[in-house]
Amino acid sequence: MSITIFQNASIVDGTSDAPREGVNVLVEDRHVREVSDAPIRATDARVVDLAGKVLMPGLIDCHVHVIASEANLGRNALLPDSLVAAHASVIMRGMLMRGFTTVRDVGGADFGLQQAVEEGLFEGPRLVICGKALSQTGGHCDFRGRYDVRDRHAFDRKLGSLGRICDGVSEVRLAAREEIKAGAQFIKIMANGGVASPTDPIAFMGFSREEVTAIVEEARNAQTYVSAHLYTDEAIRRGVECGVHSVEHANLVTAETAKLMAEKGAVACPTLVTYEALKNEGADYGLPESSVAKIDDVRLAGLRSLEILHSAGVTMAYGSDLLGAMHRHQSEEFVIRGRVLPAMDVIRSATVDAARLCGMESKIGCIAPGAYADLIVVDGNPLDDLALLTGQGRSMPAIMKEGRFVKNTLDA
Ligand code: ZN
Ligand code: ZN
């Protein structure tokens, strides 16, 4: 049994706008066992004094694509699976070293990658997966260009593909069932046009109402929910009416639709950093011209959407949605959101609220008895300066995942 005691910690977890001071935390093997204001003693414990430092639950990013090793997703889908897996291991290690101990992959990652992390084959965050995102022909995961008449299922089984194509109620039901059988913990659909795909302007509606409703039923039958790629107000409203729970991006939402989201308990997962990164670097990293032209259709509405969602009382989860070499910007979403939202709410989106969206409430995103010992130590208070969470973990002297330090420079 391995025991670590963190002493004199100031805890910041997104549930209070001031740190909880003078806390002691006992970690036994993979879990937090005790959290106390009084000193904790245990024999054979490794004691880490955190006076002057902040202890946070490991961060959670609810919108990633760990298999996106290239910004050009059509090209990525054609890479050999082995190469994609190797790239994914490097991308995931980068995420962990930024303090993200759990990520929700919303298209692409499979059970094998999830299992590889669990077996310790490489260092990475815990993966919550949906398998392949479902897309209609010509939708956001159809990477065939206008004159490309390859079979629509050409990419379906490639690890490097974010999604698979299905059309019609019976096909979408089968696709959802296959993903759930393969280990999907929720179902992702592409219900609106997108930036990174060649033939679907942003305003395109993905799937018919009947198809979306059928997928929602399949997800509910499997005791889970549907997450949908959505930008325009019309598409968000239709999705939420059909029972979509997790609204990805939501850039063009109106106050009226945000109100409906709040009433229905739908969660928003904005991903503003990716539009900044795509705008600045996308073309350099191989984003096709047809995609570059679409970025500003969603980028410019970004901060306004945060204000609209916040004032409607919609729960928000942290998302980054970065591709290829742009993954290094993952933590900058904290700073972008901090421009319009209170720091506590921004942190909450990457802790408790994210944990709930991952279906792992009280196991992750909190520092409490019974939770996984996913912990990060921060030099300073992120409630005062969210930029402390950026810089590739520069201000994080220690990162622990499931009771094991994956980084520890505290003794140095
Ligand atoms: Zn999307
Ligand atoms: Zn995405």
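Thresholds applied
- Residues numbered from 1 in each chain as written.
- Chains lettered and ligands numbered in written order.
- Predicted model: local features only at pLDDT ≥ 70, side-chain atom pairs only at ≥ 80, totals over all residues.
- Heavy atoms only, no water.
- Disulfide = S-S within 2.5 Å.
- Buried < 20%, exposed > 50% of the residue type's maximum accessible area, 1.4 Å probe, protein only.
- Pairing = 2+ DSSP bridges.
- Helix = DSSP H or I, 4+ residues; strand = E, 2+ residues; numbered from the N terminus.
- Axes fitted to C-alpha atoms, helices over the stretch in contact; angles between N-to-C directions.
- Donors = N, O, S within 2.8 Å, 3.2 Å for Na, K, Ca; no water.
- Contact = heavy atoms within 4.5 Å.
- Phe/Tyr/Trp six-rings, centres within 6.5 Å; stacked < 30°, edge-to-face > 60°.
- Parallel < 35°, antiparallel > 145°, perpendicular 65-115°, else oblique.
- Left-handed = near helix turned anticlockwise from the far one by under 90°.
- Nonpolar A, V, L, I, M, F, W, Y, C, P; charged D, E, K, R; others polar.
- Core = buried A, V, L, I, M, F, W, Y, C linked by side-chain atoms within 4.5 Å.
- Salt bridge = Lys/Arg side-chain N within 4 Å of Asp/Glu carboxyl O.

**Re the state of the cysteines**
- Counted under the stated rule, the structure contains zero disulfides.
- Its sulfur unpaired, cysteine 166 is 9.9 Å from the next cysteine sulfur, which belongs to cysteine 141.
- When its relative accessible area of 2% is taken as the criterion, cysteine 166 is described as buried.
- Free cysteine: cysteine 358, not disulfide-bonded; nearest cysteine sulfur from cysteine 62 at 4.1 Å.
- Of the residues examined, cysteine 358 reaches a relative accessible area of 8% and is grouped as buried.

**Let's talk about the sheet that holds strand β6 (residues 59–64)**
- Reading across the sheet, the three strands line up as β6-β7-β8 and stay open at both edges, with parallel pairing between neighbours. Looking at strand neighbours, the two that pair on one side only are β6 and β8 (126–129), the edges of this open sheet. Sheet twist, expressed as the mean angle between neighbouring strand axes with direction ignored, is 20°.
- Where strand β7 (residues 100–105) lies against β8, four bridges are found, and the strand directions are parallel. Following the sheet pairing, threonine 102 is matched in β8 by arginine 126.

**Some points on the coordination of the zinc ion (ligand 1)**
- His229 (ND1) and His249 (NE2) make up the full set of protein donors to the zinc ion (ligand 1), lying at 2.0 Å.
- If you look at the zinc ion (ligand 1) and the zinc ion (ligand 2), they sit 3.6 Å from each other. On the criterion of sequence distance, the pair formed by histidine 229 in strand β12 (residues 226–232) and histidine 249 in strand β13 (residues 246–252) is long-range, its members being 20 residues apart. Accessibility assignment for this pair places histidine 229 and histidine 249 in one class, buried.

**Remarks on helix α6 (residues 233–241)**
- Turning to α6, its buried residues number three or more, namely Ala235, Ile236, Arg238, Gly239 and Val240.
- Of the residues one or two after α6, glycine 243 is the one with positive phi, at around 105°.

**Things to note about the side chain of threonine 232**
- As for its placement among the helices and strands, threonine 232 is situated in strand β12.
- Once residues lying within four places of it in the same chain are set aside, the contact partners of threonine 232 are Asn192, Ile202, Ala203 and Leu252.

**Things to note about the coordination of the zinc ion (ligand 2)**
- Distances from the zinc ion (ligand 2) to its protein donors, His63 (NE2), His65 (NE2) and Asp321 (OD), fall at 2.0 to 2.3 Å.
- Read N to C, the donor residues that coordinate the zinc ion (ligand 2) are spaced as H-x1-H-x255-D.
- Judged by its relative accessible area of 11%, aspartate 321 falls in the buried class.

**Some remarks on the packing of aromatic side chains**
- Under the counting rule described, the total for this entry stands at six aromatic pairs.
- Aromatic pair phenylalanine 100 and phenylalanine 334: ring centres 6.3 Å apart, planes at 25°, arrangement stacked. With phenylalanine 100 in strand β7 and phenylalanine 334 in helix α12 (residues 332–338), this residue pair connects regions lying 234 residues apart in the sequence. Per residue, the accessibility class of phenylalanine 100 equals that of phenylalanine 334, and both read buried.
- Taking the centre distance of 5.5 Å and the plane angle of 15° together, the rings of phenylalanine 186 and tyrosine 225 count as stacked. Here the residue phenylalanine 186 occupies a position in the loop between α4 (169–181) and β11 (187–190), and tyrosine 225 occupies one in the loop between α5 (209–221) and β12, the gap between them amounting to 39 residues.
- According to the relative accessible area criterion, phenylalanine 186 is buried, its value standing at 1%.
- For tyrosine 225, a relative accessible area of 14% puts it in the buried group.
- The structure contains a cluster of three or more aromatic residues connected by ring pairs, namely Phe100, Tyr318 and Phe334.

**Description of the packing of α4 against α5**
- It is the contact of α4 with α5, at a shortest axis distance of 9 Å, that shows an interaxial angle of 30°. By the angle between their directions, the pair α4 and α5 is classed as roughly parallel. Crossing hand, α4 versus α5: right-handed. Residue-level contacts link Val169, Val172, Arg173, Ala176, Arg177 and Ile180 of α4 to Glu210, Glu211, Ala214, Ile215, Glu217 and Glu218 of α5.
- Residue composition of the contact of α4 with α5, grouped by class: six nonpolar, no polar and six charged.

**Some thoughts on unusual backbone geometry**
- Backbone geometry places aspartate 29, a non-glycine residue, at a positive phi of 55°.
- Mapped onto the fold, aspartate 29 is located in the loop between β2 (20–28) and β3 (31–36).
- Residue alanine 250 is not a glycine yet carries a positive backbone phi of 60°.
- Position of alanine 250 relative to the elements: it lies in strand β13.

**Focus: the nonpolar core**
- Of all hydrophobic cores here, the largest spans 101 residues; its most connected members are Val66, Ile189 and Met261.
- Residue contributions to this core peak at seven residues, all from helix α2 (residues 81–97).
- Other than its neighbours up to four places away in sequence, isoleucine 189 contacts Leu134, Phe207, Val212, Ile215, Val226, Ser227, Ala228, His229 and Val244.

**Some remarks on the environment of glycine 138**
- Residue position: glycine 138 is located in the loop between β9 (133–135) and β10 (163–165).
- Sequence separation between glycine 138 and serine 197 is 59 residues; the distance between their C-alpha atoms is 8.8 Å.

**Remarks on the pattern of salt bridges**
- One pass over the full model with this rule turns up 31 salt bridges.
- Salt-bridge contacts for arginine 348 lead to aspartate 353; the nearest nitrogen and oxygen are separated by 3.0 Å.
- Classification of arginine 348 as partly exposed rests on a relative accessible area of 24%.
- With relative accessibility at 9%, the residue aspartate 353 sits in the buried group.

So far we have only geometry, and geometry alone does not tell us how the molecule works.
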